[in-house]
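This is what each chain is made of:
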Amino acid sequence: MQLLRMIVAKFESLSIGDWTEKTLTFGLLPVEMFAKGFDATGLDVYLTCQCPLSSYPSSNGDGDLEPQDDVRRHLEEQLELAVNAVSVATRSRRSIRSVDPCVAFIPESDAERVWLDAHRGIARGQFAHPHGHPRISFSVIQQLCADRADGIALMSEAIAHPHPSGRFHELFRVFERAFKTACGQLSTPLSKFLAPNGCGYTPDEIKKWIDLRGPLTHADRRPAFLLERDAAPVVHRMEQAAIDVLVNKQLWRDSSTAREQRWRPQFGSSDAGAGVFVMKDLGAELKFDIMDQFGVYPLDLKYRLELAPAGWWTGQIIAREAKVDAFPGASIIDAGMNIE
């Protein structure tokens, strides 16, 4: 039996005329790249990679199969390597998303197919990163320009970054500037400052940000480093915290944790999970980054795989009207959702 992983990559600088279907091999695992789609935002390329399983997957209490994490992660590494290779070769910005479903089992015998058919489907976790951007009174920002124009400049840099890793770096510079403290010593003052704001920040959450910073910033002596997929789950909460620090910290460029409540958001994230808050009788414009069933890549809600190609086993999929044929032998459908 084999496990197959599927993603879709968007290359902003490529068009259909730039592309031919190809197979890239890294080590022993080929990555198939095919089924193009093009719009004003760039070229979509669908990628699959598969590898043999040394044992049958385990089943949870609901009769759903759980793909082995180490094998899935290895497939994701191969897929990302292929995407990065194309990005560098063509000098094109790229983004990675998952289709739904994003994994399939491939039985290699009738007995394996019978065993798979005895199960309901593939386990599906639920992951979402809520975020919002409540407006701040311009008069408040004008007042802040008197003593923290540097902080406003750094916050603007963070907002301008389209990439999670870039935003992560700039947001840490806001924290460091505000408390006049190096990253390694930020945990205690930042935790104390954020604790009263009602958004559920904990010392463990702040420590996680700090632990991420080194491997997201440096790649010299460490055996491993981190990338976009590691920064994406935390940057929305970090940005919300950085705005609170910028606006409500009483003394700028000072290690003190005193607050001066100049502004309060009307809505936002209330914890490190998917919790949100909305002030009574006020409107909210909340967005949710819906992630795939493993919490790795954003889910492309435009497409769902209705009918898997022959030989792929995905379990039960409830789909709506078929729209596009992207994978050979597969029907892709419009998910009919308007969530970002």
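First, a word on what this report is: a plain description of the structure on this page. Computed from a prediction, not measured in an experiment: that's the story for all the values here.

The rules behind each value
Residues numbered from 1 in each chain as written. Predicted model: local features only at pLDDT ≥ 70, side-chain atom pairs only at ≥ 80, totals over all residues. Heavy atoms only, no water. Axes fitted to C-alpha atoms, helices over the stretch in contact; angles between N-to-C directions. Helix = DSSP H or I, 4+ residues; strand = E, 2+ residues; numbered from the N terminus. Parallel < 35°, antiparallel > 145°, perpendicular 65-115°, else oblique. Left-handed = near helix turned anticlockwise from the far one by under 90°. Contact = heavy atoms within 4.5 Å. Nonpolar A, V, L, I, M, F, W, Y, C, P; charged D, E, K, R; others polar. Buried < 20%, exposed > 50% of the residue type's maximum accessible area, 1.4 Å probe, protein only. Pairing = 2+ DSSP bridges. Salt bridge = Lys/Arg side-chain N within 4 Å of Asp/Glu carboxyl O. 1 Å grid on protein atoms, 1.4 Å probe; cavity = no way out; pocket = protein on both sides within 12 Å on 5 of 7 lines; lining within 4 Å. Points joined across faces, edges and corners; volume = space filled by probe spheres on them.

1. Concerning the packing of helix α3 (residues 138–160) against helix α7 (residues 228–248)
- α7 packs onto α3 with a crossing angle of 155 degrees between their chain directions and a minimal axis gap of 9 Å. It follows from the interaxial angle that α3 and α7 lie roughly antiparallel. Relative to α7, α3 is oriented so that their crossing is right-handed. Taken together, the residues of α7 that come into contact with α3 (itself represented by V140, L144, R148, G151, I152, M155 and I159) are E239, A242, I243, V245, L246 and V247.
- Taken together, the residues of the contact of α3 with α7 sort by class into ten nonpolar, one polar and two charged.

2. Things to note about unusual backbone geometry
- In this model, D100 is joined to P101 through a cis peptide bond whose omega is 0 degrees.
- Locating P101 in the fold gives a position in the loop between β7 (94–97) and β8 (103–106).
- Its identity is not glycine, yet R91 carries a phi of approximately 55 degrees, on the positive side.
- One can find R91 in the loop between α1 (69–90) and β7.
- Judged by relative accessible area, which is 73%, R91 ranks as exposed.
- The backbone of K180 sits at a positive phi, close to 50 degrees, despite the residue not being glycine.

3. Concerning the pairing of strand β10 (residues 128–132)
- The buried fraction of β10 is high, at four of five residues.
- Judged from the five bridges that link them, β10 and strand β13 (residues 286–290) form a sheet pairing that is antiparallel. Each bridged residue has a counterpart across the sheet, and for H129 the counterpart in β13 is D289.

4. Comments concerning the pattern of salt bridges
- Going through the model one piece at a time under the given rule, you end up with 24 salt bridges.
- With a closest N to O distance of 2.8 Å, E239 and R167 form a salt bridge. Residue E239 is found in helix α7, and its partner R167 is found in helix α4 (residues 164–179); the two are separated by 72 residues along the sequence.
- Accessibility expressed as a relative area gives 12% for E239, which makes it buried.
- Put simply, R5, D69, R72, E76, E80, R229 and D292 are held in one network by salt bridges that share partners.

5. Concerning the sheet that holds strand β9 (residues 121–122)
- Pairing in this open sheet of three strands is mixed, and the strands run β5-β6-β9 from one edge to the other. Strand pairing shows two members of the sheet lacking a second neighbour, β5 (58–59) and β9, which therefore form its edges.
- Summarising the sheet, β5 and strand β6 (residues 64–66) pair through two bridges and their orientation is antiparallel. By the bridge assignment, S59 is partnered in β6 with L65.

6. Let's talk about the layout of surface pockets
- Of the pockets and cavities examined, the second largest pocket occupies roughly 340 Å³.
- The wall of the second largest pocket is formed by 13 residues, among which E77, E80, F225, L227 and R229 lie closest to the centre.
- Looking at the lining of the second largest pocket, the elements with two or more residues in it are α1 and α7.
- Broken down by element, the residue count for the lining of the second largest pocket peaks at six residues, all from α1.
- Its residues assigned to classes, the lining of the second largest pocket shows six nonpolar, one polar and six charged.

7. Structural notes on empty space enclosed by the protein
- Under the criterion given, the structure shown has one cavity of 30 Å³ or more.
- Empty space within the largest cavity amounts to approximately 50 Å³.
- Lining the largest cavity, in full, are H129, P130, P233, H236, R237, S269, D271, A272 and G273.
- For the lining of the largest cavity, the elements supplying multiple residues, two or more each, are β10 and α7.
- Looking at the lining of the largest cavity element by element, the count peaks at three residues for α7.

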